[in-house]
Amino acid sequence: MLGWICYEEEGKKAKEHTALGGAAVLILRVPRGKGPRGALGARRAARLLARKRVRLAALPPDYPYADLFLRRGVGTPDTAALYRACAAKIVHFVLRENGVSPRSAGVALLACSASAALQRAAHELSGSVRYLTLRVPNGEKLARELRWEYGIAVQLLQEGEMLLADLAVSFDDARAAGCMLLPLADKRLTVSLCARIEGKDCTDTALLAALVSADALKAEDIRVERVIFPLSPNFP
């Protein structure tokens, strides 16, 4: 079961059980803002989720009492993991927003360590972009797979080598200069996502992340609506 903490709304129940994307979800509505009433509502919600053995809950953006849930063993979904799962879709959106056709684009995938998310993005992008650059430790096997399966030109780079691409995508703390950088793990990055769930559009990023992590929602069923880069597309 997942938890979903929402702010109180007139006419809405304080506690509600539902199913979203095949996952059982316990919705709890709490007072908005800081103060004694808000803190009390958060403590009650955290206590109830812990009693129900819920280990993951989606919270409102910038919720001031997230630590109360963590103390009860209720974690929050990783937004960066959601962005990484949707990396190929985000890349396509950013390229088009900047007037670059994916079919003619060069994209670089950067990481300090290999991951399943990077490999998945590499396979998804290899069928839709012209050039792919990998700067990831032990990337030789992945590069061979991509060349064999898609016939795409794949370049392997080492740290410090010059990078030429229309867009570089960092999956962790890896950085690059000289091209637009999409830092998926940077908390300053904002990506507006939307998915059709139970007949309604859902734009709650934390809830989408929780559903994806619980395998109740597939990344391919999510669409990208907006990307706001931290500071500027290419930053230190």
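Up top you'll find the structure we're talking about.
Below, the structure is looked at part by part.

Parameters at a glance
- Residues numbered from 1 in each chain as written.
- Predicted model: local features only at pLDDT ≥ 70, side-chain atom pairs only at ≥ 80, totals over all residues.
- Heavy atoms only, no water.
- Pairing = 2+ DSSP bridges.
- Helix = DSSP H or I, 4+ residues; strand = E, 2+ residues; numbered from the N terminus.
- Contact = heavy atoms within 4.5 Å.
- Axes fitted to C-alpha atoms, helices over the stretch in contact; angles between N-to-C directions.
- Phe/Tyr/Trp six-rings, centres within 6.5 Å; stacked < 30°, edge-to-face > 60°.
- Buried < 20%, exposed > 50% of the residue type's maximum accessible area, 1.4 Å probe, protein only.
- 1 Å grid on protein atoms, 1.4 Å probe; cavity = no way out; pocket = protein on both sides within 12 Å on 5 of 7 lines; lining within 4 Å.
- Points joined across faces, edges and corners; volume = space filled by probe spheres on them.

The mixed open sheet is built from four strands, whose spatial order is β2-β3-β1-β4. Edge positions in the sheet fall to β2 (15-20) and β4 (57-58), since each of these pairs with one other strand and no more. Bridging between strand β1 (residues 2-7) and strand β3 (residues 23-30) involves six bridges; their strand directions are parallel. When the sheet's bridge partners are listed, G3 is paired in β3 with L26. With respect to the sheet, helix α1 (residues 36-51) is in contact with β1, β2, β3 and β4, its orientation differing from that of β3 by roughly 160°. Those strands touched by helix α7 (residues 205-213) are β1, β2, β3 and β4, and its axis lies near 175° from that of β1.

The next thing to look at is the packing of aromatic side chains. One pass over the structure, following the stated rule, counts three aromatic pairs. Seen in terms of ring centroids, Y7 and Y63 are 6.2 Å apart; in terms of plane orientation they differ by 55°. Their pairing is tilted. Placement of the pair is Y7 in strand β1 and Y63 in the loop between β4 and α2 (66-71), with a sequence separation of 56 residues. By relative accessible area, which is 16% here, Y7 ends up buried. The exposure class assigned to Y63 is buried, which follows from its relative accessible area of 8%.

Attention now moves to the pairing of β2. Relative to β3, β2 is paired through six bridges, and the arrangement is antiparallel. Looking at the pairing, L20 lines up with A23 of β3. Between β2 and β3, which follow one another and run antiparallel, lie two residues, and G21 among them has a positive phi close to 60°.

Bringing the layout of surface pockets into the picture now. Taken as a whole, the largest pocket spans an internal volume of roughly 850 Å³. Surrounding the largest pocket, 27 residues form its lining, P61, D62, P77, T79 and A206 being those nearest its centre. Counting residues per element, the ones that place at least two in the lining of the largest pocket are β4, α3 (79-85), β10 (190-197) and α7. No other element matches β10, which puts four residues into the lining of the largest pocket. Reported here for the second largest pocket is a volume of approximately 470 Å³.

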